[in-house]
Amino acid sequence: MPEWWEQRRYGLFVHASLASVPAWAPIGQDASWYRWHLGDDVPQGALQPMVEVVAHHRDRWGHIERFDDFLDLLEFERFDAEAWAQLAVQAGAGYGVIVAKHRDGLCWWDAPGTRHSTVDRGPRRNVVAEFAAACERNDLVFGTHYATTDWGAGPAGDSDDDVAGHVLDLAERYGTRLLRADRERATVAAPPPRTALLDRLRTAAPDLVVNDQWCPTGTGSAPPMVRTLDDVPADITAGEWELCRSIGRGFGSNRTDRPEHHLSGFDIVALLTEVVAKGGHLLLGVGAQVDGSIAPMQSEPILAAGSWIRAHRELVDRSRPWTTWGDDQVRYLTVDGVLHVVDVTGDGNFAALVPDVHRVVAVRRVGPAGADDMHFVQDETGLHVDVPRSVPWRRSVLPVHGDVAVDIAVYRVDVVEVDRPSELFAPVDRHPVDLEPLLTGASPGEIVQLGDGVYRGPATVPAGVIMRGLGPGRTTIDASGDHAVHMGRNSRIEHLTVSGAPPTGNGAGAAAAAVIVEDQFATLLGCDIGGLVVVNASDVLIRASTLVGVRAEQADRLTISRCQLRGTRWDVGIHVNGGTDHEIDSCELSNHLCAIRATDTTGTVVRGNTIESRWWGVHFERTERAHALGNRFRNTMRAVDVDGGSGALVDGNAVLDGDSGCIVERGAADCLVAGNHWERCRLGLLAWDATGLHHQDNHVLALHEPDHDVVIGP
């Protein structure tokens, strides 16, 4: 990797596009995708036009017939490249990145071979050139984001010659040293090989870094490649990677955003230290407004975090992961081999530092004013630093939002590695035990008891047989790859872990199946399943388990009860496709693109669940007599979406801090929406292309748009 990449772990990503003019999306959605959400001259893919955007455009921008007409309204009169660069400097960032071309096709510089640019229309300014010069003046490494997909260029998109000419121009004339692209999520397509182009870029810019959407395999003499993530990995992750996320819930400037929809200064520091402790870089996005300025609700928390980051620049830019990254309360890093601890919560308790492994000899709080020796105690529960309750860096006195300075304590901890006593007997590696022979020949009603250790699939639990472990974490079945566990008629799996391949995140694909239910009346109880549960049979019960996801195809009467599911941002938690009388009850689902989706089902009941997902909470797609009742939603764009079908009942749900409480759309008929509570959302109920809708006794509180408790479209 180039030297600059090794020495700069934090970057600021200024996101501007033609969508900066309308600057509108539902809360939780990317405003930069306005063109796609409007459905204006974009390829027809997996995503349909969003009724929220269509409704907003009708009311606010009805005089704009085509998306490209917004260009004449893009004045950018307050754009100041120096101000952008200074924001990055004061943020403590070491590199600045700008969108040179978004998927909307607009180039923000005098790109060769096109007149569709900010130089020829709109602002009539070379924004890329001005920002590149400002970065150079302020000792920031300059980077660019270039979308290889162009929604306005037709199904074929940009030609390879256009792409090559543009990115070579960015490297040769403007000196970009980080070149990013991103995946077209509607198709989740792998990037095409561009070996020849990457070889030319390597010659033109020897210290250039590209992300994995340019160089997925790192072939040839291509520039060094960085893997782009949009969610923090669970643990220390090897290789070069960068977390790219916005300070808000979506990229671009969004007029529906409020301060509480953004990271606070504290949140930014907590996120950055977690990323660095796991071995990565952080690229944090901000959105330029239509006048070219950055809104205070984005710049203020960045500046608040920047005071801390600049004071601890060596820790951020030069540290490396320790043996463990830490947890929600603490981060462990090393600088020149010396352990440093970031006390996120201010409690002074560090459980990883137990005396039989790491004997602590000194603890000092480090900061811009020097180092202070701290009193500490170390025992079998870890290291405990004596932190006076009145000190300002205690988490309990830090505000969640605002521009108040962040003061999170950092300690230098001098440790002596403890000599471990010699073991009388060499440890013996226990190889996984093949599971199939243990199940072969088992009779209905028989219990196959598994012990501590790891067992290896593939295997089939015979009809009527109970396979039971000693508990998740003690009994583990390796079902990765093609080693899934299959369940026969009336079989049961209880109290164990089934490891598999979870979704990769980043929209890169679904999880592999870990458990496949082949026949009726199977039960999964008290398990931790690390891959998909695929249900191809009726009358299946999944209860009290921790799951990655469930997929059911043409099965009847699936029951999922009291389960926990955590997604990877781009997946669906539970998807039932076809069948009748499914019940999803009392589950907790978080961090999915869509928590629960029912497609072409009859009589599905979704009841008493707690849901926090990104776009959809419950999505009824062409269902008959679906019922969502008594669920609690938080921070979810669409709590309940009735998308076609008929006879849906949505009642008794509580929705907080989302965009909408309920949407009824695309031909949905004879729906009843009653007795729901919608609080701190943008709107309550939106109906669009729906017939026979009845709504009554819904309660709204503190809506962002007070006159939007019910919006009825065509």
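Residues numbered from 1 in each chain as written. Predicted model: local features only at pLDDT ≥ 70, side-chain atom pairs only at ≥ 80, totals over all residues. Heavy atoms only, no water.

Novice: I'm lost on unusual backbone geometry in this one. Help?
Specialist: Comment: phi is negative for the bulk of residues other than glycine, and the bulk of peptide bonds are trans. At the junction of glycine 457 and proline 458, the peptide bond is cis and its omega measures out at 5° in the coordinates. Within the secondary structure, proline 458 is located in the loop between strand 20 (453-456) and strand 21 (459-461). The residue arginine 562 is not glycine, and still its phi comes out positive at about 55°. Secondary-structure assignment places arginine 562 in the loop between strand 34 (559-561) and strand 35 (564-566). (Helix = DSSP H or I, 4+ residues; strand = E, 2+ residues; numbered from the N terminus.)

Novice: Could you clarify how one ought to interpret the pattern of salt bridges in this entry?
Specialist: Close approach of charged atoms allows side chains of opposite charge to pair. With the rule as written, the count across this model stands at 41 salt bridges. With a closest N to O distance of 2.9 Å, glutamate 82 and arginine 137 form a salt bridge. A residue pair is termed long-range when its members are at least 10 positions apart, and glutamate 82 in helix 4 (residues 81-91) and arginine 137 in helix 5 (residues 127-137) qualify at 55 residues. With a closest N to O distance of 3.0 Å, arginine 607 and glutamate 583 form a salt bridge. You can see arginine 607 sitting in strand 40 (residues 605-607) and its partner glutamate 583 sitting in strand 37 (residues 583-585), a full 24 residues away along the chain. For glutamate 583, a relative accessible area of 31% translates into the label partly exposed. Taken together, the shared-partner salt bridges in this structure form one network comprising Glu52, Arg638, Asp641 and Glu665. (Salt bridge = Lys/Arg side-chain N within 4 Å of Asp/Glu carboxyl O. Buried < 20%, exposed > 50% of the residue type's maximum accessible area, 1.4 Å probe, protein only.)

Novice: Sorry if this is basic, but what is going on with the confidence of the model for the chain here?
Specialist: Detailed reading of predicted coordinates is not advised where the pLDDT is low. Across the chain, pLDDT averages 90, with 91% of residues at or above 70. Per-residue pLDDT stays below 50 along residues 505-509; that stretch engages in 18 contacts with residues further than four places along the chain or on separate chains. (pLDDT = per-residue confidence, 0-100. Contact = heavy atoms within 4.5 Å.)

Novice: Hey, could you run me through the nonpolar core in this one?
Specialist: If you look at soluble globular proteins, the nonpolar side chains tend to sit buried side by side. The biggest cluster of nonpolar side chains holds 98 residues, and the ones touching the most others in it are Trp84 and Trp214. Broken down by element, the residue count for this core peaks at 9 residues, all from helix 8 (residues 265-277). Dropping the residues within four chain positions of it, tryptophan 84 is found in contact with Val14, Phe76, Phe79, Ile98, Val127, Phe131, Ala288, Gly292 and Ile294. Grouped together as the second largest cluster of nonpolar side chains are 67 residues, Val576, Ile584, Ile596 and Val664 included. (Core = buried A, V, L, I, M, F, W, Y, C linked by side-chain atoms within 4.5 Å.)

Novice: Looking at this model, I keep getting lost on the sheet that holds strand 5 (residues 209-211). Mind explaining?
Specialist: Strands in a sheet are paired, the pairing made by backbone hydrogen bonds, and the direction either parallel or antiparallel. If you trace the 8 strands once around the closed barrel, you get 1-2-3-4-5-6-7-8, paired in parallel fashion. When the angles between neighbouring strand axes are averaged without regard to direction, this sheet yields 25°. The strands touched by helix 5 are strand 2 (95-101) and strand 3 (141-146); relative to strand 2, the strand with the most contacts, the crossing angle is about 170°. Helix 9 (residues 296-311) rests against strand 1 (10-15) and strand 8 (281-287) of the sheet, and its axis sits at about 150° to strand 8. (Pairing = 2+ DSSP bridges. Axes fitted to C-alpha atoms, helices over the stretch in contact; angles between N-to-C directions.)

Novice: Would you mind going over the side chain of arginine 682 with me for this structure?
Specialist: With respect to the helices, strands and loops of the structure, arginine 682 is situated in the loop between strand 50 (677-679) and strand 51 (683-688). On the basis of relative accessibility, which here comes to 4%, the residue arginine 682 falls in the buried class. A distance of 2.8 Å separates a polar atom in the side chain of arginine 682 from a polar atom in the side chain of aspartate 659. With sequence-adjacent residues up to four places away left out, arginine 682 is seen in contact with Trp24, Ile27, Glu52, Thr256, Gly658, Asp659, Leu703, His704, Glu705 and His708. (Polar contact = N/O pair within 3.5 Å; in protein donor to acceptor, adjacent residues only side chain to side chain.)

Novice: Help me out: how do you make sense of the side chain of arginine 597 in this one?
Specialist: Here arginine 597 is to be found in strand 39 (residues 594-599). One buried charged residue, arginine 597, remains without a salt bridge, the closest side chain of opposite sign being glutamate 621 at 4.4 Å. Of note is the side chain of arginine 597, whose polar atom sits 2.9 Å from the side chain of histidine 619. If we skip the residues at most four places from it in the chain, arginine 597 touches Val572, Ile574, His575, Val576, Trp616, His619 and Glu621. (Lys, Arg positive; Asp, Glu negative; His and termini not counted.)

Novice: It is not clear to me how the packing of aromatic side chains should be interpreted in this structure. Could you clarify?
Specialist: Within a pair of aromatic rings, the relevant descriptors are the distance that separates the centres and the angle that separates the planes. Scanning all chains against the criterion turns up 22 aromatic pairs. Pairing phenylalanine 13 with phenylalanine 251 gives two aromatic rings, centres 6.0 Å apart and planes at 55°, and the pair type is tilted. Here phenylalanine 13, found in strand 1, pairs with phenylalanine 251, found in the loop between strand 7 (241-246) and helix 8; they are 238 residues apart in sequence, far enough to count as distant. Comparing phenylalanine 13 with phenylalanine 251 shows no difference in burial state: the two are buried. Each ring, one from phenylalanine 76 and one from tryptophan 108, has its centre 5.2 Å from the other, and the planes form 55°; the classification is tilted. Taken together, the residues phenylalanine 76 in the loop between helix 3 (51-60) and helix 4 and tryptophan 108 in the loop between strand 2 and helix 5 connect sequence positions 32 residues apart. Exposure remark for phenylalanine 76: the relative accessible area of 0% places this residue in the buried category. For tryptophan 108, a relative accessible area of 0% translates into the label buried. Grouped by ring-pair contacts, the aromatic residues Phe76, Phe79, Trp84, Trp108, Phe131 and Phe142 constitute a single cluster. Cation over ring: lysine 101 sits above tyrosine 146, and NZ or CZ is 4.9 Å from the ring centre. (Phe/Tyr/Trp six-rings, centres within 6.5 Å; stacked < 30°, edge-to-face > 60°. Lys NZ or Arg CZ within 6 Å of the ring centre and 35° of its normal.)

Novice: What's the story with the sheet that holds strand 33 (residues 549-553) in this structure? I'm lost.
Specialist: Here 12 strands make up an open sheet; going across it, the order is 21-24-27-30-33-36-39-42-45-48-51-54 and the pairing parallel. Strand pairing shows two members of the sheet lacking a second neighbour, strand 21 and strand 54 (710-712), which therefore form its edges. On average, each strand axis in the sheet is inclined to that of its neighbour by 10°, with strand direction left out of account. In this sheet, strand 39 lies alongside strand 36 (residues 572-577) in parallel orientation, the contact comprising 5 bridges. The residue bridging valine 576 from the neighbouring strand is alanine 598, located in strand 39. With respect to the sheet, helix 3 is in contact with strand 45 (638-643), strand 48 (660-665) and strand 51, its orientation differing from that of strand 51 by roughly 90°.

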